[in-house]
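In case you want the letters, here they are:
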Amino acid sequence: FVAVGHNVNSSGNPIAITLVRFGSDGTLQWRLDLAGILPSVGRLLVDSGGNAYLAFNSVGNGQDIQLYKYNPAGLLLWSQVINTGFSSNNIATSLALSPDETEVALTGDTSGGVEWITALYDVNTGNRKWLVVAPEGTAARDVVMDTAKVYVTGLGNVGINSFLTVVAYDRVTGARLWRTDKKPTDAGNAAGLRITMTPDGRLVAT
């Protein structure tokens, strides 16, 4: 198994990300320390071949979202960066592999802004197939993918109200297909936090 965390300074601020891999008997196989300024981890995934995908952000030009792929031996295979503008504070939030594990979807948002960031990558080459930066709301929290679509949940805004929002994108083109907004009848606002897919292809968001 693979685990990720961060190191902190005497003030409690994160100063580096640590990625480790253990065998089934608990033996440490390798450790990687990724230096960064105020780094934050979005999500860690491992595919069926043992490759690890790490989404995180650290201070660069503002905050940059970064996606790294490591092979089972801990060697970096490729890396990608998302920066939506000068001094944009882009925050990584989640990752999802496609059912056939040929593509990986990444989500994020812009701190203090109203942008949802969604991107799709080829897992073999690291090439980005598409990137959507859209004013859906203040936070994109989680993502899941089936054979045809990429689904993102988060905090969507309509005027002054916020909702548990789900947006569906075409997996091939990144085109926005639909959006749903939900909140309890007795609540003023809501936010989506996590999303998953049932075995029969339905979505569950919380």
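1. Things to note about the overall build of the chain
Part 1 of the reasoning: Scanning the chain from N- to C-terminus turns up zero helices and 17 strands.
Part 2 of the reasoning: Against the 2.2 N^0.38 benchmark of 17 Å for 206 residues, the chain shows a C-alpha radius of gyration of 17 Å, consistent with a compact globule.
Part 3 of the reasoning: On the principal axes, the C-alpha backbone points of the chain span a range of 50 × 45 × 30 Å.
Part 4 of the reasoning: Per-residue burial over the chain gives 46% buried out of 206 residues.
Part 5 of the reasoning: Considering only residue pairs separated by 6 or more positions, the chain has 41% of its internal contacts joining residues 24 or more positions apart.
Part 6 of the reasoning: Once the 15 positive and 17 negative side-chain charges of the chain are each reduced to a mean point, those two points are 3 Å apart.

2. Structural notes on the packing of aromatic side chains
Part 1 of the reasoning: Summed over all chains, the structure comprises six aromatic pairs.
Part 2 of the reasoning: With centroids separated by 5.2 Å and ring planes inclined at 25°, the aromatic side chains of F1 and F22 adopt a geometry described as stacked. Here F22 lies in strand β2 (residues 14–22) and F1 lies in the segment before β1 (2–8), a separation of 21 residues in the sequence.
Part 3 of the reasoning: You can call F22 partly exposed: its relative accessible area is 24%.
Part 4 of the reasoning: Between Y68 and Y70, the ring centres sit 6.1 Å apart and the planes meet at 65°, which makes this aromatic pair edge-to-face.
Part 5 of the reasoning: According to the relative accessible area criterion, Y70 is buried, its value standing at 3%.
Part 6 of the reasoning: Here the aromatic residues F56, Y68 and Y70 are joined through ring pairs into a cluster of three or more.

3. Describing the pattern of salt bridges
Any two side chains of opposite charge can pair, given that their charged atoms come close.
Part 1 of the reasoning: Using the criterion set out here, one finds nine salt bridges in the structure.
Part 2 of the reasoning: A salt bridge links E103 to K129, with the shortest nitrogen-to-oxygen separation between them at 2.5 Å. Taken together, the residues E103 in strand β9 (residues 103–110) and K129 in strand β11 (residues 128–134) connect sequence positions 26 residues apart.
Part 3 of the reasoning: Taking the shortest distance from any N to any O, the salt bridge between E136 and R179 comes out at 2.8 Å. Here the residue E136 occupies a position in the loop between β11 and β12 (137–145), and R179 occupies one in strand β15 (residues 176–182), the gap between them amounting to 43 residues.

4. A word on the environment of F1
Part 1 of the reasoning: With a relative accessible area of 60%, F1 lands in the exposed category.
Part 2 of the reasoning: Along the backbone, F1 and Q29 are 28 residues apart, and their C-alpha atoms lie at a distance of 9.8 Å.

5. With respect to the nonpolar core
Part 1 of the reasoning: If you look at the biggest cluster of nonpolar residues, it comprises 16 residues, and the most contacted ones within it are Y53, L67, I82, L95, V104, L106 and Y121.
Part 2 of the reasoning: If we skip the residues at most four places from it in the chain, L67 touches L54, A55, W78, S79, Q80, L95, V104, L106 and Y121.
Part 3 of the reasoning: Of all hydrophobic cores here, the second largest spans 14 residues; its members include A96, A105, L120 and V167.

6. Points about unusual backbone geometry
Part 1 of the reasoning: A positive phi angle, near 50°, is found at L38, a position not held by glycine.
Part 2 of the reasoning: When you line up the elements, L38 lands in the loop between β3 (28–35) and β4 (40–46).
Part 3 of the reasoning: Classification of L38 by relative accessible area gives partly exposed; the value is 42%.
Part 4 of the reasoning: With phi around 60°, E101 is a residue other than glycine that occupies positive phi space.
Part 5 of the reasoning: Here E101 lies in the loop between β8 (90–97) and β9.

7. Comments concerning the pairing of β15
Remark: a regular strand shows side chains that alternate across the two faces of the sheet.
Part 1 of the reasoning: One ladder, built from six bridges, connects strand β14 (residues 161–170) with β15; its direction is antiparallel. From the neighbouring strand, V166 faces β15, where its bridge partner is T180.
Part 2 of the reasoning: Counting the residues between successive antiparallel strands, the hairpin from β14 to β15 contains five residues, one of them, G174, with a positive phi of roughly 80°.

8. A short note on the sheet that holds β15
Part 1 of the reasoning: Taken in spatial order, the four strands line up as β12-β13-β14-β15 in an open sheet, and their pairing is antiparallel. Lying at the two open borders of the sheet, with one neighbouring strand each, are β12 and β15. Ignoring strand direction, the axes of neighbouring strands in this sheet form an average angle of 20°.
Part 2 of the reasoning: With ten bridges joining them, strand β13 (residues 149–158) and β14 adopt antiparallel strand pairing. Looking at β14, one finds that V150 is bridged to Y169.

What counts and what doesn't
Note on numbering: residues in each chain are counted from 1, in written sequence order. Selection of residues for local features in this predicted model requires a pLDDT of at least 70, selection of side-chain atom pairs for listing and counting requires 80 or more, and totals for whole chains, interfaces and linings are taken over all residues. To get the side-chain values, take all heavy atoms of the structure and skip hydrogens and water. Helical segments are the DSSP runs of H or I of at least four residues, strand segments are the runs of E of at least two, and each set is numbered from the N terminus. All radius of gyration figures rest on C-alpha atoms, and the globule criterion is 2.2 Å times the number of residues raised to 0.38. A 1.4 Å probe rolled over the protein chains alone gives each residue an accessible area, and that area as a share of the maximum for its type sets the label: buried under 20%, exposed over 50%, partly exposed in between. Note on contacts: a residue pair qualifies if any of its non-hydrogen atoms lie within 4.5 Å across the two residues. The sign given to each residue is positive for Lys and Arg and negative for Asp and Glu; His and the chain ends receive no count. Here the site of a charge means NZ on Lys, CZ on Arg, CG on Asp, or CD on Glu. The pairing test for Phe, Tyr and Trp rings, Trp by its six-membered ring, is centres within 6.5 Å, and the orientation test on the planes gives stacked under 30 degrees, edge-to-face over 60, and tilted for anything in between. The salt bridge definition used is simple: a Lys or Arg side-chain nitrogen within 4 Å of an Asp or Glu carboxyl oxygen. By nonpolar core we mean a set of buried residues, namely Ala, Val, Leu, Ile, Met, Phe, Trp, Tyr and Cys, connected to one another through side-chain atoms within 4.5 Å. Any two strands with at least two DSSP-identified bridges between them are counted as paired. Between N-to-C directions, angles span 0 to 180 degrees; the directions come from axes that are lines fitted to C-alpha atoms, helices contributing only their stretch in contact.

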